[in-house]
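Each chain, written out:
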Amino acid sequence: RTAGMALHRQGDVPHDLLEFQAAHDFYRRALSLYELSGETKLIGVVANDLGILSRVNSDDPVLWFRYAVEARRDAGDARGLRTSLGNLGARMLVRGQHKQSLPILEESLALAREGGDLEGQRKAHINEGLLKAINVIDDVIATIRASEDRADARNRLMAAPFEFTEIQANVKKE
């Protein structure tokens, strides 16, 4: 366990320095050691890290996030599970797998509510709004363009037929 944690932490340094391939290599070695020792919670942590890093190499992020979800569920790590479910759902949204992402995002939101994780609730709630918007994207764009200003657009998106919440209607590029 100690050697795996050392490799995992050692991978955080190049990750922070944007040296993603080096971080990936450390994380993969740490994962091997965690798997040998049966450390399911740590397997989930490093698998989630590998899912995040996969955008810079040829790995499939969905596979890493699914592995992280499975490990964190087995370990009983509710907070980590919420994070990995959120990452998995968001990645599936990006891929256009909208229907498959909905139950994943809903479970992430439920876990955030159960654990009192306000930031997790906010992120999951916004992702649900994005999913809802994707299904009616042409109408959402037309409504925004027809609005007089940001406040008018927000009010229109919160009204029928959309019925987005204020938080979902007020998302802005950060």
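Throughout what follows, the structure given in this document is the object of discussion.

Parameters and conventions
Residues numbered from 1 in each chain as written. Predicted model: local features only at pLDDT ≥ 70, side-chain atom pairs only at ≥ 80, totals over all residues. Heavy atoms only, no water. Phe/Tyr/Trp six-rings, centres within 6.5 Å; stacked < 30°, edge-to-face > 60°. Helix = DSSP H or I, 4+ residues; strand = E, 2+ residues; numbered from the N terminus. Buried < 20%, exposed > 50% of the residue type's maximum accessible area, 1.4 Å probe, protein only. Axes fitted to C-alpha atoms, helices over the stretch in contact; angles between N-to-C directions. Parallel < 35°, antiparallel > 145°, perpendicular 65-115°, else oblique. Left-handed = near helix turned anticlockwise from the far one by under 90°. Contact = heavy atoms within 4.5 Å. Nonpolar A, V, L, I, M, F, W, Y, C, P; charged D, E, K, R; others polar. Salt bridge = Lys/Arg side-chain N within 4 Å of Asp/Glu carboxyl O.

Examining the packing of aromatic side chains
The final tally for this structure, using the stated rule, is two aromatic pairs. For the pair Trp64 and Tyr67, a centre-to-centre distance of 6.5 Å together with 45 degrees between the ring planes defines the contact as tilted. A residue pair is termed a helical-turn pair when its members lie 3 or 4 positions apart in one helix, as Trp64 and Tyr67 do in helix α4 (residues 61–75) at three residues. Owing to a relative accessible area of 11%, Trp64 belongs among the buried residues under this scheme. Aromatic side chains Phe162 and Phe164 sit 6.1 Å apart centroid to centroid with 25 degrees between the ring planes, which places their arrangement in the stacked category.

Quick look at the environment of Leu118
Its location among the elements puts Leu118 in helix α7 (residues 118–135). For Leu118, a relative accessible area of 65% translates into the label exposed.

Here we look at the packing of helix α1 (residues 2–16) against helix α2 (residues 20–37)
Two numbers describe how α1 lies on α2: the axes approach to 8 Å, and their chain directions differ by 165 degrees. Here α2 runs roughly antiparallel to α1, going by the angle between their axes. Considering how the two elements wind past one another, α1 and α2 form a crossing that is left-handed. Along the contact surface, α1 presents Ala3, Gly4, Met5, Leu7, His8, Gln10, Gly11, Asp12, Pro14 and His15, while α2 presents Phe20, Ala22, Ala23, Phe26, Tyr27, Arg29, Ala30, Leu33 and Tyr34. Grouping the amino acids of the contact of α1 with α2 by side-chain chemistry returns 12 nonpolar, five polar and two charged.

Considering the pattern of salt bridges
Taken as a whole and assessed by the stated rule, the structure comprises four salt bridges. Of the charged contacts in the structure, one is a salt bridge between Asp60 and Arg95, with a shortest N-O distance of 2.4 Å. With Asp60 in the loop between α3 (40–53) and α4 and Arg95 in the loop between α5 (78–94) and α6 (98–115), this pair connects stretches of sequence that are 35 residues apart. For Arg73, the salt bridge goes to Glu107, with nearest N and O atoms at 2.7 Å. Residue Arg73 is located in helix α4, and its partner Glu107 is located in helix α6; the two are separated by 34 residues in the primary sequence.

Side note on the environment of Gln121
Of note, Gln121 is situated in helix α7. Residues Gln121 and Ser147, spaced 26 residues apart in sequence, show a C-alpha to C-alpha distance of 29 Å. The residues contacting Gln121, other than those within four sequence positions of it, are Leu109, Ala112, Arg113 and Gly116.

Notes on unusual backbone geometry
Ala160 connects to Pro161 through a cis peptide bond whose omega is 10 degrees. If you trace the backbone, Pro161 turns up in the loop between α9 (150–158) and α10 (166–169). The residue Leu18 is not glycine, and still its phi comes out positive at about 65 degrees. By the secondary structure assignment, Leu18 is in the loop between α1 and α2. Residue Leu18 is classed as exposed on the basis of its relative accessible area of 60%. Although it is not a glycine, Glu163 adopts a positive phi angle of roughly 60 degrees. Considering the arrangement of structural elements, one finds Glu163 in the loop between α9 and α10.

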